[in-house]
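One-letter residues, chain by chain:
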Protein chains: 2
Amino acid sequence: MTENELIRIHYQVTCPPPGSIERLAKEIALEQTVEVSEECIPTAFIREEVVGQVLLIQPLPAAGSFEVHIGYSPDITAYQIPQFLNLFFGNISLKNNIRITEVKLPETFVGRFAGPNHGMEGVRRLLGVHGRPLAATALKPMGSSPAQLAALAEAFALGGGDIVKDDHGLADQPFCPFQERVARCQEAVLQANLRTGRRTLYFPNVVGGPEEMAEQIDFAVRQDVRGVLLSPFLVGPDVLRHLAEKYPLVFMTHPSFTGTYFHDRSHGIAPGVFLGTIFRLLGADISVFPNSGGRFAFTPRECQEIAGALRQPLGGLRAALPGPAGGMRLDSIPAMARQYGTEAVYIIGQALLLQTQNMQAATRAFMAKIREHFSETLSPPLPLEVDSTCDWMAEKETTPIRAHLAWQPDFSWEGRRAKGYKAETELAFQGMERVELAGKNGEKTDFDLRYFQLAPEGFSSLEKHQHAHVIITLRGQGILRLEGREIPLRPFDIAYVGSYQVHQLRNAAAEPFGFFCVVDHVRDKPQKP
Amino acid sequence: MTENELIRIHYQVTCPPPGSIERLAKEIALEQTVEVSEECIPTAFIREEVVGQVLLIQPLPAAGSFEVHIGYSPDITAYQIPQFLNLFFGNISLKNNIRITEVKLPETFVGRFAGPNHGMEGVRRLLGVHGRPLAATALKPMGSSPAQLAALAEAFALGGGDIVKDDHGLADQPFCPFQERVARCQEAVLQANLRTGRRTLYFPNVVGGPEEMAEQIDFAVRQDVRGVLLSPFLVGPDVLRHLAEKYPLVFMTHPSFTGTYFHDRSHGIAPGVFLGTIFRLLGADISVFPNSGGRFAFTPRECQEIAGALRQPLGGLRAALPGPAGGMRLDSIPAMARQYGTEAVYIIGQALLLQTQNMQAATRAFMAKIREHFSETLSPPLPLEVDSTCDWMAEKETTPIRAHLAWQPDFSWEGRRAKGYKAETELAFQGMERVELAGKNGEKTDFDLRYFQLAPEGFSSLEKHQHAHVIITLRGQGILRLEGREIPLRPFDIAYVGSYQVHQLRNAAAEPFGFFCVVDHVRDKPQKP
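Residues numbered from 1 in each chain as written. Chains lettered and ligands numbered in written order. Predicted model: local features only at pLDDT ≥ 70, side-chain atom pairs only at ≥ 80, totals over all residues.

Chemist: Any chance you could break down the sheet that holds strand β9 (residues 227-230) of chain B for me, citing the residues and the numbers?
Modeler: All names here are of chain B. Strand order in the open sheet formed by 4 strands is β9-β10-β12-β13, with parallel pairing between adjacent strands. Each edge of the open sheet carries a strand with a single partner, namely β9 and β13 (321-325). The mean inter-strand angle of the sheet, taken between neighbouring strand axes irrespective of direction, is 20°. As paired strands, strand β10 (residues 250-253) and strand β12 (residues 286-290) are joined by 2 bridges and run parallel to one another. If you follow T253 over to β12, its bridge partner there is S287. Sheet contacts for helix α13 (residues 300-311): β12 and β13; angle to β13, the most-contacted strand, approximately 155°. (Pairing = 2+ DSSP bridges. Helix = DSSP H or I, 4+ residues; strand = E, 2+ residues; numbered from the N terminus. Axes fitted to C-alpha atoms, helices over the stretch in contact; angles between N-to-C directions. Contact = placed C-beta atoms within 7 Å.)

Right, here's the structure in full:
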């Protein structure tokens, strides 16, 4: 393997006087891979291909301090984030005076990750805003009611701000339940958008276990939310990667719980590498970090390194936006303009809230201050995708869980009501009705079971999506159009529609065509083919 | 809320000379909750119930250093781990010179978590070993083949060791795939157990995204593995909590990537709080940490605090075992015996491997050294649960994915073979056959669809489990016994069996009783009621 194909990590190592830096560098290369000393390595393959290779050692100005470069085979990472982090700084985090200052990732590694879903340009297209930094705020303080937070969100939208996010401490607390907060804030922002003719985006904070977060995002997506705030080191870094791959949302990250990696300048990981390169690899479209000059401890140079790492080329990944925050005020804007320029999200929280009486005017002042330094140009915000037949979910079922649903000869089930869908010319489906049988009424399943019935001439929309379908035909005769094939379906036949396969169902006879459809409970929205 | 009902966090705060410690303490209480200054707090509720309450400030011996206690309403945590960590050390991790030295958790908070599945006593029952510490080793070095690692595992088991775990850097690397490694190592240990008549446990390392880890555990459980190694700060702390609730395994944790929380004694979290209290709350049965005197930097006192936090009362949670490791040798055992006594897992890795020629003899020497210091008593290892009808999974299906499975009049499906189960007197089910229709052949679904058929007089076993069932009756007549109720099932009826509901299905007529059963793809093993 050539040097270019290795993951190359730059360390700043402090070696106390009697020590040998060569020995210390070798110890790092061993500790991060085989975790044994050299005499315990049984084969040449392990010695040559698995143990890290010390590529460079050179003294730094500070006494006893050295720059060390070690190269590692990307195979060691198993091409996944948790084991990459282990290789990066797993065991040596428990040693002394080792700091990672830079990382070079080969294309064979970066190419396995999708990175930001939208990136700098995608977020701008969603908003239709160009030529100036984006303006954001945070909904707080914790303890405010959903209605109070919604009023702040509305005022920010009416004032012309771009992104209003939950404070990252807003969870699903008894005093401010997640669903009520998200529904109210999103509705307030959508209503304000109707009045302004522009688009402000609301990003709720999602936090919890993997299943809880999927439920939160699922709920938010049904409110037509387009992005979320997430703290990778509270919920798990790979949980971000996983959710970003599953949901085509904007992901804004918060650095909560990461501070000890930066606190000691002789040990840890440089903020640019951590909140820049790694967070972008995980899928951050916008990486929020504490700006210098605010309530926190980063230096201007560290902030500059974060912004640089988010925006510079990194394999084929989209560029991400830096989000300087943490005690910024309107009079911080000139300095932010010099430091970050156009391609950033400027986040001002408390300094707008101080004007609680008139958040809308405060937001206008925020936007005016930004326009003093930049030439804004606006375009129509990106049209959002249309609704689809696969997901008819505007209305939540409220029927209780039942152990037994008795079948009736008219192909209904006792205790479950069918929802009809009238044929409408503008929608690409017709003559379809649906009964939710399990999964949507509180049943603890990873899947939903539904019964669909197509009237003669009826058909579902032609579409594709990430999630798979399993179909069990119950009555009548139908045709499954699947990637160009036409598959006839008769009672009790089973069909499988794989990920992203273009599909459509239609009735092929003069009687109703009825089928069960089983899908993942948490699933993505259908797209036009 | 009284002081006893609060989450009480003890901080060691260094306050530079001109600063006011009262102001600094108040700033922490605000930053960790509302993230605004006092003048921005709009209501008395927020001021009194949401903002942290400074309960104590007292000077410490070091100049400018204070002990500060702040109490927080547990409601702020939303009773979940990620938001608890945010309250604990989220934003203040990004400030300077604040260290958490202790935490007191009220029963209203701890009671929401299950903690260790087995704990100290449960792990001993699984092994049947008492009166001495448990002896463990790690399979390494990374780069060894599955066969090489299995040979080491076998030798350790034949030598009489208790727990052999993967090194935490072993993932699903191309040079040592997870499934092959786990299958071989587990088989080697089970075979060795047959020879010794005792029980050594093999714990594979699980690492990856939430779905990948569930698949890894699913595979391991099918090999009859009883415990796993997991690094909470690589995979996400709440992922451990989630997996430990889902799978009744022994969870051994590794501290990879946590070192920066401890490195700077003026900032971070004391190891006893982090690797002791918090890891136990997450579900660690055994918390591995770098022992003093080895390759890492903990002091004897810090190690003592970890062991204490794992073993002392914590709500109703089971006591967990400390796992001192990281460069231990046979001659470390006398000091470990003094420091940790009986209730610990002593982990020696490389020092056994150095004897690669004779790992078995090295293990015998390890066990002999332990017995010099302790009086071992053995009991029969806890019998493991019997097989069940719900999970017949010994054999993996190998049929390819098919888009269409045409139904045949004999209630079979083209391309899918039924598996029969003969009536056997020792098993509590009879006359049952099964066809895997989707989910087990590589289909990308979060669920499996199966068809079961019970012959006249046939019945499934009476059992319960965490996962839910959805049943769709297809032919004949059956009875679902559910928590004492008897529900008659006729064609196309739907039934839902909720989490942990005791259930059994039986044929109620003279013709076959056939039904589809949909279950979560990743699911727990059934238990006897």
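Chemist: So, the domain arrangement of chain A: which residues are in play, and what are the values?
Modeler: We note that the domain assignment places domain 1 (3-110), domain 2 (120-378) and domain 3 (389-520) within chain A. Taking only C-alpha atoms, the centre of domain 2 of chain A and the centre of domain 3 of chain A are 39 Å apart. (Domains from an automatic or database assignment.)

Chemist: Residue-level account of the relation of the copies chain B and chain A, with values.
Modeler: The transform that puts chain B on chain A rotates by 180° and translates by 0.1 Å along the axis, for an RMSD of 0.3 Å. Given the turn and translation reported, the copies of this chain are related as if by a two-fold rotation axis. Closest to the rotation axis within chain B is the C-alpha of G236 of chain B, separated from it by 1.7 Å. The overlap is high: 100% of the interface residues of chain B also sit at the interface in chain A, so the same surface is used on both sides. (Least-squares fit on C-alpha atoms with pLDDT ≥ 70 in both.)

Chemist: Account for the nonpolar core, naming residues and giving values.
Modeler: The biggest cluster of nonpolar side chains holds 264 residues, and the ones touching the most others in it are A153 and Y346 of chain A together with A153 and Y346 of chain B. Within the second largest apolar cluster, 63 residues are counted, among which are L405 and L505 of chain A together with Y451 and F515 of chain B. (Core = buried A, V, L, I, M, F, W, Y, C linked by C-beta atoms within 7 Å. Buried ≥ 20, exposed ≤ 12 C-beta atoms within 10 Å, placed from the backbone.)

Chemist: Just give me the short version of the packing of helix α6 (residues 146-158) of chain A against helix α16 (residues 359-373) of chain A, but keep the residues and values in it.
Modeler: All names here are of chain A. Interhelical geometry of α6 versus α16 gives an angle of 40° and a closest axis separation of 7 Å. For the element pair α6 / α16, the angle class is oblique. Crossing hand, α6 versus α16: right-handed. Facing L152, A155, F156 and L158 of α6, the residues of α16 in contact are M359, Q360 and T363. Among the residues forming the contact of α6 with α16, the class breakdown is 5 nonpolar, 2 polar and no charged. (Parallel < 35°, antiparallel > 145°, perpendicular 65-115°, else oblique. Left-handed = near helix turned anticlockwise from the far one by under 90°. Nonpolar A, V, L, I, M, F, W, Y, C, P; charged D, E, K, R; others polar.)

Chemist: Please give an account of the pairing of β13 of chain B that cites residues and values.
Modeler: Residue and element names in this part refer to chain B. Burial analysis of β13 places 5 of its 5 residues in the buried class, which makes it a mostly covered element. Alternating positions in β13 separate into two faces, L321, G323 and A325 on one and P322 and P324 on the other, with burial throughout. The sheet contact formed by β12 and β13 spans 5 bridges and is parallel. By the bridge assignment for β13, I286 is matched with L321. Read as a crossover between parallel neighbours, the route from β12 over α13 to β13 is right-handed. (Right-handed = clockwise from strand over helix to strand, strands pointing away.)

Chemist: Please give an account of the packing of helix α14 (residues 333-340) of chain A against α16 of chain A that cites residues and values.
Modeler: Residue and element names in this part refer to chain A. Orientation of α14 relative to α16, taken along the N-to-C sense of each, is 45°, at an axis distance of 10 Å. On the basis of the axis angle, α14 is oblique to α16. As α14 packs across α16, the resulting crossing turns out to be right-handed. On α16, the residues that touch I333, P334 and A337 of α14 are K369, I370 and H373. Residues of the contact of α14 with α16, tallied by class, amount to 4 nonpolar, 1 polar and 1 charged.

Chemist: Any details on the interface of chain B and chain A? Residues and values, ideally.
Modeler: Across the boundary between the two partners, chain B contributes 106 residues, which contact 108 residues of chain A. Classifying every residue of the side of chain B that touches chain A gives 56 nonpolar, 32 polar and 18 charged. Judged from the 2 bridges that link them, strand β25 (residues 494-497) of chain A and strand β16 (residues 404-405) of chain B form a sheet pairing that is antiparallel. Counted as the bridge partner of I494 of chain A is L405 of chain B from β16 of chain B.

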